[in-house]
Amino acid sequence: MKKYIYILILSLLLVSCEKELDFKYHDVEPQLVIEAALTSDGARVSLTETTPMSEPINTIKITDAAVSITDLAIGDCRHLVVGDDGVYADATPGEVGHEYRLSVERNGHTYASSCVMRAAVTEPELEFKWIKMPYDHVAVLQVSFTAQGVPDECYWVRLYRNGEPYMWSVVDGSYSIGGTVNDAIMTSRKDPDKEDDATALRDGDVVRACIAPVSRAMFDYLMAIQSDSNGPRMFTGDYCLGYFLAASLAEASIVFRPGEMEEYK
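Residues numbered from 1 in each chain as written. Predicted model: local features only at pLDDT ≥ 70, side-chain atom pairs only at ≥ 80, totals over all residues. Heavy atoms only, no water.

1. What about the sheet that holds strand β14 (residues 206-214)?
Selection criterion: For two strands to count as paired, DSSP must find a minimum of two bridges between them. To qualify as a helix, a DSSP run of H or I must reach at least 4 residues; to qualify as a strand, a run of E must reach at least 2; elements of each kind are numbered from the N terminus. For helices, the fitted axis covers only the stretch in contact; all axes are lines through C-alpha atoms, and the angles between them, taken along N-to-C directions, range from 0 to 180 degrees. Note on contacts: a residue pair qualifies if any of its non-hydrogen atoms lie within 4.5 Å across the two residues.
Read from one edge of the open sheet, four strands run β12-β11-β14-β17, paired in antiparallel fashion. What marks the edges here is a single partner per strand, and that holds for β12 (164-172) and β17 (250-255). Neighbour-to-neighbour, the strand axes of this sheet turn through a mean angle of 20°, independent of strand direction. Of the pairings in the sheet, the one linking β14 to β17 comprises six bridges and is antiparallel in character. Opposite arginine 208, over in β17, you have serine 253 as the bridge partner. Lying over the sheet, helix α2 (residues 216-226) contacts β11 (154-161), β12 and β14, oriented at roughly 125° with respect to β12.

2. Considering the pattern of salt bridges
Selection rule: Throughout this description, the term salt bridge denotes a Lys or Arg side-chain nitrogen within 4 Å of a carboxyl oxygen of Asp or Glu. The classification of residues rests on relative accessible area computed with a 1.4 Å probe and restricted to protein chains. Under 20% of the type maximum is buried, over 50% is exposed, and intermediate values are partly exposed.
Taken as a whole and assessed by the stated rule, the structure comprises 10 salt bridges. A salt bridge links arginine 118 to glutamate 153; the nearest nitrogen and oxygen atoms lie 2.7 Å apart. Within this pair, whereas arginine 118 is found in the loop between β8 (109-116) and β9 (122-132), its partner glutamate 153 is found in the loop between β10 (137-146) and β11, the two being separated by 35 residues in sequence. Arginine 118 sits in the buried class, given a relative accessible area of 19%.

3. What about the sheet that holds β8?
The strands that make up a sheet pair up through hydrogen bonds in the backbone, lying either parallel or antiparallel. The sheet built from five strands is open, its strands ordered β4-β3-β7-β8-β15 with antiparallel pairing. The open sheet has two free edges, formed respectively by β4 (76-79) and β15 (236-237), since each of these has just one partner strand. Looking at chain direction, strand β3 (residues 66-71) and strand β7 (residues 99-106) are connected through six bridges and run antiparallel. Bridge pairing in β7 links aspartate 71 to tyrosine 100.

4. Observations concerning a negative patch on the surface
For the record, the criterion: Nonpolar side chains (Val, Leu, Ile, Met, Phe, Trp, Tyr) within 5 Å and like charges within 9 Å form the patches, drawn only from residues with over 30% relative accessible area and no salt bridge. For the area figures, the Shrake-Rupley method with a 1.4 Å probe applies, and any residue is considered shielded solely by the protein chains shown. For the charge count, each Lys or Arg is scored as positive and each Asp or Glu as negative, with His and the chain ends excluded. The atoms used to mark charge sites are NZ of Lys, CZ of Arg, CG of Asp and CD of Glu.
Negative charge collects at one region of the surface, where Glu123, Glu125, Glu127 and Glu262 lie side by side. The element that contributes the greatest number of residues to the negative patch is β9, accounting for three residues. Looking at the element boundaries, glutamate 123 is found in strand β9.

5. Regarding the environment of valine 206
Structurally, valine 206 is set in strand β14. Measuring from C-alpha to C-alpha, the distance between valine 206 and valine 255 comes to 4.5 Å, with 49 residues separating the pair along the chain.

6. Description of the side chain of aspartate 172
Just so we agree on the cut-off: Counting of polar contacts relies on pairs of N or O atoms within 3.5 Å, with two restrictions inside protein: one atom must be capable of donating a hydrogen and the other of accepting it, and residues adjacent in sequence are counted only when both atoms are side-chain atoms.
Mapped onto the elements, aspartate 172 comes out in strand β12. Of the residues examined, aspartate 172 reaches a relative accessible area of 16% and is grouped as buried. Within the structure, aspartate 172 has its side chain in polar contact with the side chain of serine 174 (distance 2.7 Å). Among the polar contacts listed, one links the side chain of aspartate 172 to the side chain of arginine 216, at a separation of 3.1 Å. For aspartate 172, the contacting residues outside a window of four places in its chain are Glu153, Cys154, Arg216 and Phe219.

As structure tokens, this is what we get:
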């Protein structure tokens, strides 16, 4: 009986301590967003700012920063040049196994992030199949590839529809089977007219998968974005949002042919 009394008292105390929290997220100052990638094609860094809730999304690129990438293995530092598209770039490819540091300086603030260049996965394969759901059949894209056997490796799978960004997912490589990693991504309904245009696939659409191996920290960061929650901070120095990815990419493409697809049994 005493146990239940204690529980009741504790519950009353918790209720009495309840207080409405007023987060003034509408008035937060714009924060710098850094989206950077170093691949075998070189480096590209996009700088933007967050947008207040009450204003239209600001997609204007920031071009007044100093951006550099240093190969920590050999001490080579390269300064990226901003192009007509507002993106900082350098054509020097990354070397697998080397650690790189991205540095950004702007208005007296500094931001830095380091990443080890990872090797590309091999033998990526794509296959569409139907899966029956209560509301309709849904096209599931199965992405399969061979892992490189690096401990704690994870993967970022980005999909493009007819060359435009479409969907993405993250995969924990520790669940690979015999070295093969599989990912199943639900895409479009069988009746595309009942699907949102952002996700609808139509006969003849070309879907390309771009696979990048990422660190566990990057995996946690992307998972947090998917769930609209807080993830690990990816930069040291002054506060900013974004990521720095150094990885060799692997790609595969498939044409969406709904009339030729099998159903999962």
